[in-house]
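Tertiary structure, described
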Amino acid sequence: MYAYDEIDQTLVNERVTEFRDQVRRRLSGELTEDEFKPLRLMNGVYLQLHAYMFRVAIPYGTLSSAQLRKLAHVARKYDRGYGHFTTRQNIQFNWIALKDLPDALADLAEVGIHAMQTSGNCTRNVTADQWAGVAPGEVEDPRVWAEILRQHTALHPEFSFLPRKFKFAITAADHDRAAIKVHDIGLKLIRNEQGETGFEVLVGGGLGRSPFIAKTIKPFVAGRDILSYVEAILRVYNQYGRRDNIYKARIKILVHELGIEKFAAEVEQTWRQIAEGPLTLDDEMIEDIRARFVYPAYERLSDDPAELRAAADPKFEAWRSNSVAPHRQPGYAIVTLSLKPVGGPPGDATADQMDAIADLADRYSFGEIRVGHEQNLALPHVAQRDLPALWSALDALGVATPNVNLVSDIIACPGLDYCSLANARSIPIAQELTRRFSNHETAKLIGRLHVNISGCINACGHHHVGHIGILGVEKNDQEVYQITIGGRADEHARLGELIGPAVPYAEVPDVIEDIVEAYLALRDKPEELFVDTVKRLGVQPFKERVYATR
Amino acid sequence: MPLVKHGAIVADDYVAVADDADLPAGGAVLVSAARLFAEAETLAMRNTPVGVAWPNNRDVAGLVPWLDQLSLIALVFPTFKDGRAHSQGRRLREIYGYRGELRATGQVLRDQFTFLLRNGFDAFAVTKESDAQAFGEATHRYTEFYQPTGDGHLSALQLRKQRHKAVAT
Ligand code: HEM
Ligand code: SF4
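Conventions we followed
- Residues numbered from 1 in each chain as written.
- Chains lettered and ligands numbered in written order.
- Predicted model: local features only at pLDDT ≥ 70, side-chain atom pairs only at ≥ 80, totals over all residues.
- Heavy atoms only, no water.
- Helix = DSSP H or I, 4+ residues; strand = E, 2+ residues; numbered from the N terminus.
- Buried < 20%, exposed > 50% of the residue type's maximum accessible area, 1.4 Å probe, protein only.
- Contact = heavy atoms within 4.5 Å.
- Near = heavy atom within 4 Å.
- Polar contact = N/O pair within 3.5 Å; in protein donor to acceptor, adjacent residues only side chain to side chain.
- Nonpolar A, V, L, I, M, F, W, Y, C, P; charged D, E, K, R; others polar.
- UniProt positions renumbered as here; feature names shortened; annotations may be inferred.
- Pairing = 2+ DSSP bridges.
- Buried area = accessible area lost by both parts, 1.4 Å probe.
- Salt bridge = Lys/Arg side-chain N within 4 Å of Asp/Glu carboxyl O.
- Donors = N, O, S within 2.8 Å, 3.2 Å for Na, K, Ca; no water.
- Domains from an automatic or database assignment.

Under the annotation held in an unreviewed UniProt entry, chain A carries the name Sulfite reductase, hemoprotein subunit and is attributed to Rhodopseudomonas palustris.

When you go through chain B residue by residue, the secondary structure sums to 7 helices and 8 strands. Along the first, second and third principal axes, the C-alpha set of chain B runs to 65 × 35 × 25 Å. Looking at chain B residue by residue over its 169 residues, the buried ones come to 53%. Considering only residue pairs separated by 6 or more positions, chain B has 45% of its internal contacts joining residues 24 or more positions apart.

Attention shifts here to the site of ligand 1. Residue and element names in this part refer to chain A. In the vicinity of ligand 1 there are 25 residues, among which Thr87, Lys165, Leu207, Arg250 and Cys460 approach most closely. In this structure, an oxygen atom belonging to ligand 1 sits 2.9 Å away from a main-chain N or O atom of Leu207. Arg250 has a polar side-chain atom sitting 3.0 Å from an oxygen atom of ligand 1. In the shell around ligand 1, the residues fall into 9 nonpolar, 9 polar and 7 charged.

Let us look at the UniProt feature "domain: Nitrite/sulphite reductase 4Fe-4S" (unreviewed entry) in chain A. Residue and element names in this part refer to chain A. UniProt records the feature "domain: Nitrite/sulphite reductase 4Fe-4S" (unreviewed entry) at residues 119-272 and 407-546, using the numbering of this structure. Across residues 119-272 one finds 31% helix and 18% strand; the C-alpha atoms that close the span lie 31 Å apart. For residues 407-546, helix accounts for 34% and strand for 19%, while the C-alpha atoms at its two ends are 18 Å apart.

Right, let's get into helix H4 (residues 101-109) of chain A. Given 3.6 residues per turn, any residue in an α-helix points the same way as the ones three and four places further on. All names here are of chain A. The buried fraction of H4 is high, at 7 of 9 residues. All of the buried residues along H4 are Leu101, Pro102, Ala104, Leu105, Asp107, Leu108 and Ala109. Where H4 is buried, its residues contact helix H1 (6-27), strand S1 (45-47), strand S2 (52-57), helix H3 (65-78) and strand S5 (90-96).

Turning our attention to the pairing of strand S4 (residues 82-85) of chain A. Residue and element names in this part refer to chain A. Neither face of S4 is open: one carries Tyr82 and His84, the other Gly83 and Phe85, and all of them are buried. Alignment of S4 against strand S13 (residues 348-350), held across 3 bridges, turns out to be antiparallel. Counterpart to Tyr82 in the pairing with S13 is Thr350. In this sheet, S5 lies alongside S4 in antiparallel orientation, the contact comprising 2 bridges. Paired with Phe85 across the two strands is Ile91, which belongs to S5. In this antiparallel pair of consecutive strands, S4 and S5, the connection spans 4 residues, and Gln89 shows a positive phi of 55°.

A few words on the site of ligand 2. All residues adjacent to ligand 2 are Cys413(A), Pro414(A), Gly415(A), Cys419(A), Leu421(A), Ala422(A), Ser454(A), Gly455(A), Cys456(A), Asn458(A), Ala459(A) and Cys460(A). Each residue belonging to the shell around ligand 2 can be placed in one class, and the counts come to 8 nonpolar, 4 polar and no charged.

With that settled, the discussion passes to the interface of chain A and chain B. Each partner contributes residues to the interface: chain A has 50 residues there, and chain B has 41 residues. Of the roughly 4,100 Å² buried where chain A meets chain B, counting both sides, 53% is carbon and sulfur surface. Three residues stand out in chain A for area buried against chain B, namely Ile7(A), Pro157(A) and Phe161(A), and they jointly supply 18% of the buried area on that side. The tally of links from chain A across to chain B stands at 12 salt bridges. Its salt-bridge partner being Arg141(B), residue Asp21(A) comes within 3.6 Å of it at the nearest N-O pair. For the pair chain A and chain B, the number of links is 26 residue pairs in polar contact (both at pLDDT 80 or more). Elements that contribute at least two residues to the side of chain A that touches chain B include exactly H1, helix H2 (33-41), helix H5 (142-153), helix H6 (226-240), helix H8 (260-274) and helix H9 (283-291) of chain A. By residue number, the principal contributor to the side of chain A that touches chain B is H1(A), which donates 12 residues. Across the side of chain A that touches chain B, the residue classes break down as 20 nonpolar, 11 polar and 19 charged.

What follows concerns the coordination of the iron atom of ligand 1. Under ideal tetrahedral coordination, the four donors around a metal are separated by 109.5 degrees; under ideal octahedral coordination, the six donors are separated by 90 or 180 degrees. Its sole protein donor being Cys460(A) (SG), the iron atom of ligand 1 sits 2.0 Å from that atom. Note that Cys460(A) resides in the loop between strand S17 (451-454) and strand S18 (468-475).

Glancing now at the domain arrangement of chain A. Residue and element names in this part refer to chain A. Considered domain by domain, chain A is made up of domain 1 (6-110), domain 2 (142-292), domain 3 (306-397) and domain 4 (411-548). When each unit is reduced to the centre of its C-alpha atoms, the spacing between domain 2 and domain 3 is 33 Å. Counting from both sides, the interface comprises 4 residues of domain 2 and, opposite them, 4 residues of domain 3. Summing both partners gives a buried area of about 220 Å² for domain 2 against domain 3, and 37% of it is carried by carbon and sulfur. Among the residues domain 2 hides against domain 3, the three largest losses belong to Arg143, Arg177 and Ala179. Together they make up 96% of the total. Across the domain 2-domain 3 interface, the total number found is 1 salt bridge. Where Glu368 meets Arg143, a salt bridge forms, and the shortest distance between an N and an O atom there is 3.5 Å. The interface formed by domain 2 and domain 3 holds 2 residue pairs in polar contact (both at pLDDT 80 or more) in total. Broken down by class, the residue content of the side of domain 2 that touches domain 3 amounts to 2 nonpolar, no polar and 2 charged.

See the structure below:
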């Protein structure tokens, strides 16, 4: 956990005061909606289908139990008693009144959380691997760097009015859980031959109506230079990014139109003007941030304790084999809490669940909780001997569905149920699919399979990079869905390929079942993942299976 | 449109001269980039302050040969969402060392004042009277800053380092 000092806290408090004034001016009519819009967006406030939506940042997905309790409090006091965790490590509240927003923000500020830059055409909340700092095999904890970037990009004077939103993601592991290749800037923490830490910098990834996989702009940028280097990228983008057409305004289009070499040369030239300047980090500055990451005082334990061997409940075992991952510290584990119960909207948690999870985090995970882009939570430091007790508690809360990474661990945007931009429903499709695939044995047989659903072309549900992607579109006033397969968001990121004409709402679950059945028949061995079968065979056999009878 | 300079509402000394209008006999003038380039010698001979209105889609590096002669550069925010001039301002100040007046024009609202100050602007042609009057209040709202810019404020990282040093000695 990063502990705020008085500088961080003062800034957050000052932001609340500023926003309170902005809301006051809006309510009094001093600010027009047009003027207010970019200001409220920079503070995570959208005007949605039914009400204002409020998006709170969870930088790099790390929460303390006190912070989670405060989110529960906001859900209960100002909203309808629940929140929705998103693919960008934020939480959204869907029913909040404008007049209450300053108070909600002030409450959150008490525990050092804010909504700065969760929306708008600015540098957005920095996301990271949700297992950062605990996953085995990391170069180092990437959150130290994510925090340095968070600070640098918060209320950035030059980059708060960019052509379009701008998202960073960072990982330090070989297996990419942060989807860095579909972000505007993706950073992979590495160590070079001299043993120096730095970053492979990727740029120009993104989804939406024109999806792109990010390209490497520089294979190694030393840690000390990372701020000046990303500053150079942003400066070039701010000046040359398109502003004539919002659909072409993202950096991915600039990179695509110029070509990565030309873009890189432009960045290099701009970087030379500022490298070695005040943005250069030194060891003291980095250490100062690192020192404020407080790590648990782990006990000396060994893996596989007797308590685990004694627990023979098959339900526990199913959950354990699905939701518990190895930890860098012997005797500990990382536990994923599925927010994808059968029949539930993906990513939702009630205030009561949040409070209870905060209590469990205090009891079993040194008071720490993580939020992943798959819309699940995790407890990052659980002693293995506590797993049976923790499981019982989680099961009672409804967050122990053993479906993490399985076909019913669906990522979905809010779609027509909440979103004013939607063309189609997402949540009910996700709910129906979780029912169809509720049999754990079948799901396990199918293996890792990511289904992603978006209610429109904006791709908030990351459908392009779902192993199976479902995109709602509108045709003759009907909700129909385009299906893509073979996408993935990890270190081998790829965009999915369309299997054929869009299908009507009512047929989507059957189509997905057909695709899964085709895979089971086509895979060359049980270990071959769905995506790998698609890669080997292409879309044709799946297409035949789906459209033969339609 | 009120002009705020050094924190106070002041009269604008500059007369904006259209490209096809005659230059006034004396006094400070604000001309377009095209006119600056076309009539450089005439402008230099006037011995009165010359300012240029520089479009936000043109590289400010093009102004470098003229910086010594310019007492005002007016950058444009056609809407306040179009933030290109923020980068132009920083480059003029921090890369090219421009020291004259740097004026924000166009849709300039109180909510950008702090950002603009941090980017090196020192004059603001403000859209709304009420915003101009609130200048002081709006620009004193923040006391802590995360980024180092040329405005002299220490960034949080620099400040913490300084405090550590103070504690250590
Ligand atoms: C309900 C209100 C929401 C609105 C109005 C909204 C709006 C948008 C828009 C307009 C885009 C396209 C931007 C572009 O490509 O330039 C977008 C993209 C995106 N949104 Fe949302 N969104 C909403 C909710 C969500 C939710 C709930 C999530 C997560 C579950 C989310 C995550 C994302 C992501 C990951 C992208 C992809 C951006 C990219 O990589 O290019 N959004 N959203
Ligand atoms: S993908 Fe479309 S429908 Fe879904 S949340 Fe984003 S904007 Fe709304």
